[in-house]
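# A structural walkthrough
The lines below spell out each chain.
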Amino acid sequence: PLEVSTVSGGAALESCGDGVKARTVSGDFRVVGVNGSLVCETVSGEIGAWDVTGDIVATSVSVDIKMQDVEGAMTIRTTSGDVHAEPRSGNTDIETISGDVFVRTAAPVSETVIRTTSGSVELSVDPKQVGEVSLSSSSGDIHLGADVRIREHSRNGLRGRMGDGDARVEVHTQSGDISLESI
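This structure is a prediction, so every number in the text was calculated from the model and none was measured.

### Quick notes on the sheet that holds strand 5 (residues 38-44)
- In space, the 11 strands of this open sheet follow the order 1-3-5-7-9-11-13-19-15-18-17, with mixed pairing throughout. Both outer strands of the open sheet, strand 1 (2-8) and strand 17 (149-154), are each paired with one neighbouring strand and no more. Here the average twist between neighbouring strands, direction ignored, is 5°.
- Pairing between strand 1 and strand 3 (residues 20-26): 6 bridges, direction parallel.

If you want it as structure tokens, here you go:
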């Protein structure tokens, strides 16, 4: 894979054929058109990736992360920053300490797991693709803008089934609201 490393400055790449491994300390990283895996690590700077065919692993300390048109598994970890993701296939696994998460997918994603400590989650999915749903928030509200057949309900969460699909959705937040919508 192509390897890129910066200390104080950003990087922008286009049409990378064998994957990309990028590390920045202070600077934005943007990539369009990756055919292969993408690994991004940054401390301070925004990460953006569009049109990726391969798995993504993105880790950051204090940045926003935006991933769109990703065909492959997506693993995102950030301490402080919002996450915007639009996967086309594969598993999606997002974890933040302090940041909001926005995920929109109409594709047959097999599993979506989102965990936040202090942040809200907005998830928009195709109800025909999703089966099992598990949503919990210790001190936030859960808003359903989609039909969910609820099997279990408690003060902090719910479990149910959205549609007849095989995809599983799991969202947990300590201090934040959860919104589940149909596309």
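Resuming the write-up.
### Looking at the sheet that holds strand 14 (residues 121-125)
- If you trace the 9 strands from one edge of the open sheet to the other, you get 2-4-6-8-10-12-14-20-16, paired in parallel fashion. Of all strands in the sheet, those with a lone pairing partner are strand 2 (11-16) and strand 16 (142-145), marking the two edges. Looking at each pair of strands side by side, their axes are set apart by 5° on average, direction ignored.
- Alignment of strand 10 (residues 83-89) against strand 12 (residues 101-105), held across 3 bridges, turns out to be parallel. Its bridge partner lying in strand 12, H84 is registered against F102.

### Some thoughts on the nonpolar core
- Counting 43 residues, the largest nonpolar core has F29, L38 and M67 as its most contacted members.
- In this structure, F29 is in contact with A11, L13, V20, A22, T24, L38, C40, E46, I47 and G48, ignoring residues within four places of it in sequence.

### Some details on the pairing of strand 3
- The sheet contact formed by strand 3 and strand 5 spans 6 bridges and is parallel. Bridge pairing in strand 5 links S26 to S44.

### Comments concerning the pattern of salt bridges
- Enumeration over the complete set of coordinates arrives at 14 salt bridges.
- Between E46 and K66 there is a salt bridge; the shortest N-O distance is 3.8 Å. Highlighted residues: E46 in the loop between strand 5 and strand 6 (47-53) and K66 in strand 8 (residues 65-71), separated in sequence by 20 residues.
- Here K66 falls in the partly exposed class, since its relative accessible area comes to 30%.
- One salt-bridge network, held together by shared partners, links D28, R30, E46 and K66.

### Focus on unusual backbone geometry
- Of note, the phi angle at D51 is positive, near 55°, even though the residue is not glycine.
- Within the element layout of this structure, D51 appears in strand 6.
- Given the relative accessible area of 37%, D51 is considered partly exposed.
- Phi at D69 is positive, roughly 55°, even though this residue is not glycine.
- For D69, the location among the structural elements is in strand 8.

What counts and what doesn't
- Residues numbered from 1 in each chain as written.
- Predicted model: local features only at pLDDT ≥ 70, side-chain atom pairs only at ≥ 80, totals over all residues.
- Heavy atoms only, no water.
- Pairing = 2+ DSSP bridges.
- Helix = DSSP H or I, 4+ residues; strand = E, 2+ residues; numbered from the N terminus.
- Axes fitted to C-alpha atoms, helices over the stretch in contact; angles between N-to-C directions.
- Core = buried A, V, L, I, M, F, W, Y, C linked by side-chain atoms within 4.5 Å.
- Buried < 20%, exposed > 50% of the residue type's maximum accessible area, 1.4 Å probe, protein only.
- Contact = heavy atoms within 4.5 Å.
- Salt bridge = Lys/Arg side-chain N within 4 Å of Asp/Glu carboxyl O.

Purely geometric numbers; function is a separate question.
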